[in-house]
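Given next are the chains, with one letter for each unit.
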Protein chains: 2
Amino acid sequence: MISKKMVGYVQGSSAIRAMFEEGKKMSALYGAENVYDFSLGNPNLAPPEEVKQAILDVLHEESPTFVHGYMNNSGYEDIRQKVAENINQKHGTHFETQNILMTVGAAGGLNVILKTLLDPGDEVIVFAPYFGEYRSYVSNFDGVLVEVSPNTVDFQPNLEEFEKKVTAKTKAVIVNSPNNPTGVVYTEKNITALSNILRSKQEEFGTSIYLITDEPYRELVYDGVSVPYVTKYYKNAVIGYSYSKSLSLPGERIGYLVIPSEVDDFQDVVAAANVANRILGYVNAPSLMQRAVGRCLDAEVNIGVYDKNRKALYNGLTEAGYDCIRPDGAFYLFVKSPIENDVEFCNRAKKYHLLIVPGTSFACPGYVRIAYCVAYETITGALPKFKELMEEFK
Amino acid sequence: MISKKMVGYVQGSSAIRAMFEEGKKMSALYGAENVYDFSLGNPNLAPPEEVKQAILDVLHEESPTFVHGYMNNSGYEDIRQKVAENINQKHGTHFETQNILMTVGAAGGLNVILKTLLDPGDEVIVFAPYFGEYRSYVSNFDGVLVEVSPNTVDFQPNLEEFEKKVTAKTKAVIVNSPNNPTGVVYTEKNITALSNILRSKQEEFGTSIYLITDEPYRELVYDGVSVPYVTKYYKNAVIGYSYSKSLSLPGERIGYLVIPSEVDDFQDVVAAANVANRILGYVNAPSLMQRAVGRCLDAEVNIGVYDKNRKALYNGLTEAGYDCIRPDGAFYLFVKSPIENDVEFCNRAKKYHLLIVPGTSFACPGYVRIAYCVAYETITGALPKFKELMEEFK
């Protein structure tokens, strides 16, 4: 009796989430300490102490009717202003209150901007490997997902193929950097080149093509790498941000969209995004969390912990004979499967109580994603198992 | 450049929200104490003290990684279990964890169940007057909204017309009781009759028709009136609940769906709803709020305050010559406009700094909605203005 579209979704339901549930079952069976669950991007670091303090301060200092009540669907004006100023300070931009729309996480933000922009049949380009949920988000509005093949040399975007795939029907491009699943940060050179292609294609087709970023991992970068702020490279850019990873608040569903005043049809886009936030059923981003993050915009989780994990895992796996890119950001390692069939490899890994996600879930077969937002002991405990696993294929 | 569908939405954007924004502007201009804003169902009562204590207890007693992290897309199992037990205790039902799906408010819940059920072209029946957002929610999934005309005698559902409008394409019926905008509670007799019609139509067409309730106002009833729990009257019923009004938390976006094990295709419906919650971009209901409401399921706002407002407003308006139904629940009064054109009447009311919403927004022209979730002083201050306004039409 359920919707035909949903039948397909349920059958092909997120392998990552399935793994998460399986991990919980295995933990119950074998003891959590004997299961090495690298399946989900669920930060193991607690939120910074400032977050708790901010929540307490809001509860003690602000009126509860105000804190838990309705506000403009785009969010509290003072919080949007603070977010804008914070971005300006960090990135030398010039955003104002009207450019910020508080959202139910980045997932909420992406759905809002896609609902705002897409007519049925409009094309949205993504670069493989990509977060599988983009397929659902685009399908929510009957858009057509157009994939650019992975560049398996360094997992930078494959711009030659991209240029060929931009058509008169291209309405948007989604860029996710630092990338899930590879951890790769797209270089300034590539963001510039990508922007040049888009400008030229807009002119060629007489269209507006919106570059949408999904950047919950912006703050999680290592070795001093910097992540280009795309609004500085391309006019029709919309930023999707989330505090899920930078403040370890994935369950709270709090993030924002930046819609610069320079985007084509700015007034329409902003008005429609405000309405979309409401009618998609979000209504507004959770209110207490809006007020809390507004008080700790400069708080950060200690990414030194992730960096230590990254190095230990990268070194351990390469020593064990695995082939992978050393990631600059996020908390994922994207590793070449020693056999062609990555799904099979992940199943074989389960024998060692290793839970990892097939690259097929990210439109990049032959690879697996290992999320290292876990306890250090999980990594040290897992490395000998990964080694044993590799031995099977030698 | 925005989506064609959104162009229409933006143009016809919520009159209620527009009024809310206008109210803020008028307050800035004339002083808040001189503006009588009855436009929005934004509770003026603070949440019960137990809510603040519950949030503090969660923050002090539970692990922050757990409290702010991901969980099953349907919500924390222990909270779902507690919610189920609480409903069972209040209503003599037999729900379990698997029957509860925590949602981003009732708006999130309705979108989840509609995405779960609707194929394009499927019909969803609503009873006028109804909350205008249902139109958008059904349209989100390309369903067709079928309106049953208002019964302006007592605003109970017009079941004769309803019976004629149920077709082989009817997939769902939305019932909102206590009702927004009328405050009317549908009687047990009518819920029984409605259920009988649905059963008979299911048999006639060989279909499943889901009865979906939207009941954020369940706890807001007066004079000992009781609100029938529809799962006890009809097998294919799904409850949409929100803590927005009962705990005065509308900004927090926290509610749940009840999907009874008896509904047709239960396993498919539950699995699809879980996926829908994820891919619609909600991912999960806000985590801290899930944990907090789990600790204060029996907390209640002091509805005596609303009741006092209700009586003062009802008595004052009827004395001034207005014609309205005495409402049993919610915090709305639905009043006959003294002129046929309710939009015009609301505009005339603005002259007296009275902000009220045309019935046209609820598919019931000729009436206006007055939300009395306001300070008592707003009512006593507004009544002379309402009287003056009425004089204009005598």
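Every value quoted in this text rests on a predicted model; they were computed, and no experiment measured them.

Section: the UniProt feature "domain: Aminotransferase class I/classII large" (unreviewed entry) in chain A
In the numbering used here, UniProt assigns the feature "domain: Aminotransferase class I/classII large" (unreviewed entry) to residues 34–379 of chain A. Taken end to end, residues 34–379 of chain A is 37% helix and 15% strand, and its two terminal C-alpha atoms sit 12 Å from one another.

Observations concerning the sheet that holds strand β11 (residues 357–358) of chain A
Residues and elements named next belong to chain A. Taken in spatial order, the three strands line up as β9-β12-β11 in an open sheet, and their pairing is antiparallel. In this open sheet, the two edge strands, each paired with only one partner strand, are β9 (332–336) and β11. In terms of strand pairing, β9 meets strand β12 (residues 367–371) through five bridges, oriented antiparallel. What sits directly across from Phe-334, in β12, is Arg-369. Across the face of the sheet, helix α12 (residues 303–319) comes into contact with β9 and β12 while running at roughly 10° to β9.

Some thoughts on the interface of chain A and chain B
Listed as interface residues are 81 residues of chain A and, on the opposing side, 81 residues of chain B. For the pair chain A and chain B, the summed buried area comes to about 6200 Å², and 54% of that belongs to carbon and sulfur atoms. The interface formed by chain A and chain B holds six salt bridges in total. Two residues, B:Glu133 and A:Arg278, come together in a salt bridge whose shortest N-O distance is 2.8 Å. The tally of links from chain A across to chain B stands at 37 residue pairs in polar contact (both at pLDDT 80 or more). Looking at the side of chain A that touches chain B, the elements that each hand over two or more residues are α1 (4–11), α2 (15–30), α3 (49–61), α4 (64–67), α6 (105–117), α7 (133–140), α10 (266–279) and α11 (287–293) of chain A. Tallying contributions element by element places α10(A) first for the side of chain A that touches chain B, with eight residues. Grouping the constituent residues of the side of chain A that touches chain B by class yields 39 nonpolar, 23 polar and 19 charged.

Structural notes on the side chain of B:Thr231
Tracing the chain through its elements places B:Thr231 in the loop between β6 (210–214) and β7 (237–242). If sequence neighbours within four positions are ignored, B:Thr231 has contacts with B:Thr93, B:Phe95, B:Ala237, B:Ile239 and B:Pro260.

A short note on the sheet that holds strand β11 (residues 357–358) of chain B
An order of β9-β12-β11 (chain B) is seen for the three strands of this open sheet, with the pairing classed as antiparallel. Pairing within the sheet leaves two strands with one partner each, and these edge strands are β9 (332–336) and β11 of chain B.

Quick notes on the relation of the copies chain A and chain B
When chain A is fitted to chain B, the residual RMSD is 0.0 Å, and the transformation amounts to a turn of 180° plus an axial shift of 0.0 Å. Here the two chains are linked by the operation of a two-fold rotation axis. When the interface residues of chain A are mapped onto chain B, 100% of them are again interface residues, pointing to one common binding face.

Section: unusual backbone geometry
Residue and element names in this part refer to chain B. Looking along the chain, the bond that leaves Ala-128 and enters Pro-129 is cis, with omega of -5°. The topology assignment puts Pro-129 in the loop between β3 (123–127) and α7 (133–140). With an omega dihedral of -5°, the bond running from Ser-177 to Pro-178 counts as a cis peptide bond. Structurally, Pro-178 is set in the loop between β5 (170–175) and α9 (188–205).

Conventions used here
Residues numbered from 1 in each chain as written. Chains lettered and ligands numbered in written order. Predicted model: local features only at pLDDT ≥ 70, side-chain atom pairs only at ≥ 80, totals over all residues. Heavy atoms only, no water. UniProt positions renumbered as here; feature names shortened; annotations may be inferred. Helix = DSSP H or I, 4+ residues; strand = E, 2+ residues; numbered from the N terminus. Pairing = 2+ DSSP bridges. Contact = heavy atoms within 4.5 Å. Axes fitted to C-alpha atoms, helices over the stretch in contact; angles between N-to-C directions. Buried area = accessible area lost by both parts, 1.4 Å probe. Salt bridge = Lys/Arg side-chain N within 4 Å of Asp/Glu carboxyl O. Polar contact = N/O pair within 3.5 Å; in protein donor to acceptor, adjacent residues only side chain to side chain. Nonpolar A, V, L, I, M, F, W, Y, C, P; charged D, E, K, R; others polar. Least-squares fit on C-alpha atoms with pLDDT ≥ 70 in both.

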